[in-house]
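Reading the structure
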Amino acid sequence: MTEKNKERRGIGAIEVGGLLLNALVSSGRAMSLGDLARESGMPASKAHAYLVSFGKLGLIQQDGATGAYQLGPFALQMGLVSLQQMSPVKLAIPEATRLAASIDQTVALAVWGSHGPTVIYIAESSRPIHVNMHAGTVMSMLGTATGLVFSAYLPVALVDKVIAREMQDELVIGQAGVQLNSQDIAGVLTEVRQQGLARAQGLPIPGINALSAPVFDHTGALSMVMTATGTKGSFDAEWKGELALALRESASRVSHQLGYLPG
């Protein structure tokens, strides 16, 4: 056996036991012994033995009244430490780069900055687009797909304040193209939440389409926005199109890594 193969060998019992922990994490709720055994693909007697050991380590705990199992205090401590050490941007950049290569469209990441939605990273594609966007660019809250996601998921009072301010700033990309009344705005933001995406078709830049997806953290709060951009002829902006599906999946993967549990 080579040295390389030796390094790859693990402890099978730990990997098998990990199936139980994974089942608990995936369910997001307390589970009975029977359900855990079934989800993990092992006999109940075998699952119980693992659960006893995990209980001694504080990885799981059993409800005295119902007998159901849930993650224990040590599992919680590990999760909190992991979240403290985790950089959302560090996790998102490789995913954005992979997505750009996969769909061959430009992909950008934006976070909430002191002046509003701010681009922090751009993964270029082989299809150049003529857009004045770079790291540090501030995007309109209502005139861009990126900004619409922030407008849909951030507190209303904060959104209203920034929109009022940006209307006086000609340097904000997309600001000049906003011609919506309050009723129109409410309808657009409702659609963003329903679709889990925002889109821009030929606005604010003629001939350029964009789709944006939210990335959430472990508290369910908006962490950043991932945006795919391309020329109209090569960029399908349909809600259920392949680009939309790929973008949703990438944003969801980053959210999952940040500890977000939908629902």
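Refer to the structure above for everything that follows.
Bear in mind that the values here come from a model prediction, so they are computed numbers and not experimental data.

So, the nonpolar core
Counting residues in each nonpolar core, the largest one holds 26 residues, and the members touching the most others are Leu99, Ile103, Val107, Met226 and Leu247. At the level of elements, helix 6 (88-103), strand 3 (106-113), strand 6 (208-216), strand 7 (222-231) and helix 10 (242-257) are the ones that each hand at least two residues to this core. By size, the runner-up hydrophobic cluster in this structure holds 21 residues, among which are Leu142, Ile185, Ala210 and Leu222.

Describing the side chain of Glu95
Among the secondary structure elements, Glu95 is positioned in helix 6. Within polar-contact distance, the side chain of Glu95 engages the side chain of Arg253 at 3.0 Å. If we skip the residues at most four places from it in the chain, Glu95 touches Met226, Ser250, Arg253 and Val254.

As for the packing of helix 2 (residues 12-27) against helix 4 (residues 44-57)
The contact between helix 2 and helix 4 brings their axes to 10 Å, and the two run at 90°. Comparing the axis directions of helix 2 and helix 4 gives the class roughly perpendicular. Contacts from Ala13, Val16, Gly17, Gly18, Leu20 and Leu21 of helix 2 reach helix 4 at Lys46, Ala47, Tyr50, Leu51 and Phe54. When the residues that make up the contact of helix 2 with helix 4 are grouped by side-chain class, the tally is eight nonpolar, two polar and one charged.

Some details on helix 2
In this model helix 2 runs 23 Å from its N-terminal to its C-terminal C-alpha over 16 residues, within 8% of the 22 Å that 1.5 Å per residue would give. Along helix 2, the residues classified as buried are Gly17, Leu20, Ala23 and Leu24. Where helix 2 terminates, the next one or two residues include Gly28, which has phi positive at roughly 70°.

Comments concerning the pattern of salt bridges
As enumerated under the stated definition, the model contains three salt bridges in all. The residue Glu95 makes a salt bridge to Arg253 at a minimum N-O spacing of 3.0 Å. Taken together, the positions of Glu95 in helix 6 and Arg253 in helix 10 put the pair 158 residues apart, joining distant regions of the chain. Through salt bridges with shared partners, a single network forms among Glu95, Arg98 and Arg253.

Reading the values: rules and limits
Residues numbered from 1 in each chain as written. Predicted model: local features only at pLDDT ≥ 70, side-chain atom pairs only at ≥ 80, totals over all residues. Heavy atoms only, no water. Core = buried A, V, L, I, M, F, W, Y, C linked by side-chain atoms within 4.5 Å. Buried < 20%, exposed > 50% of the residue type's maximum accessible area, 1.4 Å probe, protein only. Helix = DSSP H or I, 4+ residues; strand = E, 2+ residues; numbered from the N terminus. Polar contact = N/O pair within 3.5 Å; in protein donor to acceptor, adjacent residues only side chain to side chain. Contact = heavy atoms within 4.5 Å. Axes fitted to C-alpha atoms, helices over the stretch in contact; angles between N-to-C directions. Parallel < 35°, antiparallel > 145°, perpendicular 65-115°, else oblique. Nonpolar A, V, L, I, M, F, W, Y, C, P; charged D, E, K, R; others polar. Expected span 1.5 Å × (residues − 1). Salt bridge = Lys/Arg side-chain N within 4 Å of Asp/Glu carboxyl O.

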